[in-house]
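Residues per chain, in single letters:
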Amino acid sequence: FREDIKHIRLVLIAITYFVLLIFLVINFKTIHGSISQFLNLLTPFFYGIGIAYVANIPMKKIEALIKDNLSENNIIYKQSRSISILLSFILVFAFIFLFGSIIIPQLFNTIANLFVNLAVFINGIINNLDQLFNYFNIDPIDVSINSNNIEQMFANIGLDWNSITKNLNNVLSSLSTAGISAIDIITNFTVQLGFWFMGFMLSIYLLASKETFIRQS
C-alpha cells in the first residue's frame, strides 16, 4: 500500500509539472512581458547598487584617511561620510570623463593608425619570418604587401565605401520602417535619464547607510 501511495505521488507530481509546462508554453509571451516589465521597474535599483558598489571603493579609503588624520571634534571628521561620498563621486565621474575623452579616442586613433600602416605591419611580420626561416634553412616567403594589395583585399570581400554607405542606408531605412522616430528616441533617453537619476540617489542612500544595511542583513 505504501508503494502505491509513493507511485501515485510521483504520478501527480509529473502531471503537475506537465500542466505547468503547458501553461508556460501557451502563455509565454504574457509571462515574458510581465517579467520584462517587472525587471524594467527594478532598473533604478540595479543602477543604484552598481553605482554604490563602484563608489564604495574610493569612499572607504577617503573616509579612513580623514578619520586617521583628524580628531573626533573636528567638523570634517563628523561629516567624513558625506565628504567621502562627494569626493568618491567626483573621482568616479572624473574617471569616466577621462576614459571617454582621452582613452577611447586614443584607442580609436591607434586602431586607425594600425589600418593605415597595415601594409608596413604585415611586411614587418613577413621579414621576421624570413629571418627565422633563413636560420633554419627554409625557403623565405616571397611576398610583398603594399597599400594597393590591402585595398584590393578589402575590395574582394566587399568592404568598400559604396557597400558601407549602402548598408548604412539599409539600416536607417529598416529603423524608420520599424517605427523608431525622434519622439521614441527622446522618450527612451528621458526614461533612461530618470532611471540613472533614481539610481544615483539610491546609491547615495546606500553609501550613507551601508552599516545599517549590513547589520540588518
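Residues numbered from 1 in each chain as written. Predicted model: local features only at pLDDT ≥ 70, side-chain atom pairs only at ≥ 80, totals over all residues. Heavy atoms only, no water.

A. Structural detail: the overall build of the chain. Counting its secondary structure elements, the chain contains 10 helices and 0 strands. Burial statistics for the chain: of 217 residues in total, 16% are counted as buried. The long-range fraction of contacts in the chain, counting pairs at least 24 apart against all pairs at least 6 apart in sequence, stands at 63%. Accessible area of the chain: about 17600 Å², with a carbon and sulfur share of 70%. (Helix = DSSP H or I, 4+ residues; strand = E, 2+ residues; numbered from the N terminus. Buried < 20%, exposed > 50% of the residue type's maximum accessible area, 1.4 Å probe, protein only. Contact = heavy atoms within 4.5 Å. Areas by Shrake-Rupley, 256 points an atom, 1.4 Å probe, with all protein chains shown as cover.)

B. Broad picture of the nonpolar core. With 8 residues, the main nonpolar core is built from Ile-51, Ala-52, Ala-55, Met-59, Ile-85, Phe-89, Val-92 and Leu-207. Among the secondary structure elements, those contributing two or more residues to this core are helix H3 (43-69) and helix H5 (80-116). A per-element tally of this core places H3 first, with 4 residues. Dropping the residues within four chain positions of it, Ile-85 is found in contact with Met-59, Ile-204, Leu-207 and Ala-208. (Core = buried A, V, L, I, M, F, W, Y, C linked by side-chain atoms within 4.5 Å.)

C. Examining the packing of aromatic side chains more closely. Applying the stated criterion across every chain yields a total of 4 aromatic pairs. Ring plane angle 10 degrees and centroid distance 4.0 Å describe the contact between Tyr-47 and Trp-196, whose orientation is recorded as stacked. You can see Tyr-47 sitting in helix H3 and its partner Trp-196 sitting in helix H9 (residues 182-208), a full 149 residues away along the chain. A relative accessible area of 44% places Trp-196 in the partly exposed class. The interplanar angle of 35 degrees and the centroid separation of 6.1 Å between the aromatic rings of Phe-93 and Phe-200 together place this pair among those described as tilted. Within this pair, whereas Phe-93 is found in helix H5, its partner Phe-200 is found in helix H9, the two being separated by 107 residues in sequence. Given a relative accessible area of 48%, Phe-93 falls into the partly exposed group. By way of ring pairs, the aromatic residues Phe-89, Phe-93 and Phe-200 are connected into one cluster. (Phe/Tyr/Trp six-rings, centres within 6.5 Å; stacked < 30°, edge-to-face > 60°.)

D. The side chain of Glu-63, seen in detail. Note that Glu-63 resides in helix H3. A relative accessible area of 9% places Glu-63 in the buried class. Apart from the residues within four sequence positions on either side, Glu-63 is in contact with Ser-80, Arg-81 and Ser-84.

E. The confidence of the model for the chain, seen in detail. Summarising the model, the chain shows a mean pLDDT of 75, and 66% of its residues fall at 70 or more. Element-level mean pLDDT values for the chain span from 54 in helix H8 (residues 161-177) up to 89 in H3. (pLDDT = per-residue confidence, 0-100.)

F. Region of interest: the packing of helix H2 (residues 28-41) against H3. Two elements in contact, H2 and H3, have axes whose closest approach is 4 Å; the angle formed by their N-to-C orientations is 45 degrees. It follows from the interaxial angle that H2 and H3 lie oblique. Each of Leu-39, Asn-40 and Leu-41 in H2 lies in contact with H3, whose residues at this interface are Thr-43, Pro-44, Phe-45 and Phe-46. Residue composition of the contact of H2 with H3, by class: 5 nonpolar, 2 polar and no charged. (Axes fitted to C-alpha atoms, helices over the stretch in contact; angles between N-to-C directions. Parallel < 35°, antiparallel > 145°, perpendicular 65-115°, else oblique. Nonpolar A, V, L, I, M, F, W, Y, C, P; charged D, E, K, R; others polar.)

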